[in-house]
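Remarks on the overall topology
Below are the chains, spelled out letter by letter.
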Amino acid sequence: MSQRNIDVTGDGSTVDQAVIEACPIMEVLDQVSGKWSVSILIAAAHGPVRFTELERGIDGISRRMLTLTLRRLERDGLLTRKVYPTVPPKTEYTATSVARELFAPLSALRDWAERHQMTIASARHEYDHRAAETGS
């Protein structure tokens, strides 16, 4: 057995060490870079943001998806939640120091996507056109 493979099942099966080490990293990246997570984290990076502000400010997000994403980000230690005992209840979300550290890379990624969205759309169109012509 190579050093990169280890027996983790106890039944003689081997699992690539790189895969084992990458799984937690990929899980974190999937959570942080999710479709809605980026927008929420950028919005919360500058101070407390209310649920309703997020709901109005993030195009296309449903109330349920916003709730699920906020819970996941809170669970991961990226947001803190504070509920004020008012009628109706006021809920604010604040980015933790760990999430604020992500602000610059997430903003850069968002800016890159905005700059290159037309280039990518054009490349997709050309690719699909070529694929249709060749039948592949």
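Rules of the game
Residues numbered from 1 in each chain as written. Predicted model: local features only at pLDDT ≥ 70, side-chain atom pairs only at ≥ 80, totals over all residues. Heavy atoms only, no water. Salt bridge = Lys/Arg side-chain N within 4 Å of Asp/Glu carboxyl O. Buried < 20%, exposed > 50% of the residue type's maximum accessible area, 1.4 Å probe, protein only. Pairing = 2+ DSSP bridges. Helix = DSSP H or I, 4+ residues; strand = E, 2+ residues; numbered from the N terminus. Axes fitted to C-alpha atoms, helices over the stretch in contact; angles between N-to-C directions. Parallel < 35°, antiparallel > 145°, perpendicular 65-115°, else oblique. Left-handed = near helix turned anticlockwise from the far one by under 90°. Contact = heavy atoms within 4.5 Å. Nonpolar A, V, L, I, M, F, W, Y, C, P; charged D, E, K, R; others polar.

Our focus in this paragraph is the pattern of salt bridges. Scanning the model with the defined rule gives 3 salt bridges in all. The partner of Glu55 in a salt bridge is Arg63, with the nearest N and O atoms 2.9 Å apart. By relative accessible area, Glu55 is classed as partly exposed at 23%. Note that Arg110 is salt-bridged to Asp111, the shortest N-O span being 3.5 Å.

Reading across the sheet, the 3 strands line up as S3-S5-S4 and stay open at both edges, with antiparallel pairing between neighbours. With one partner strand each, in any of the chains shown, strand S3 (49-50) and strand S4 (79-84) form the two edges of the open sheet. The pairing of S3 with strand S5 (residues 90-95) spans 2 bridges and is classified as antiparallel. In the strand pairing of S5, Arg50 is matched with Glu92.

The contact between helix H2 (residues 37-44) and helix H5 (residues 97-134) brings their axes to 9 Å, and the two run at 120 degrees. Judged by the angle between their axes, H2 and H5 are oblique. As H2 runs across H5, the sense of the crossing is left-handed. Along its contact with H2, which presents Val38, Leu41 and Ile42, the element H5 presents Ala99, Leu102, Phe103, Leu106, Ser107 and Arg110. Residues belonging to the contact of H2 with H5 are distributed by class as follows: 7 nonpolar, 1 polar and 1 charged.

A few words on the pairing of S5. As paired elements, S4 and S5 share 6 bridges and run antiparallel to each other. When the bridges of S5 are listed, Arg81 appears paired with Tyr93. Between S4 and S5, which pair antiparallel one after the other, the connecting turn spans 5 residues.

By themselves, these observations are geometric and do not establish any function.
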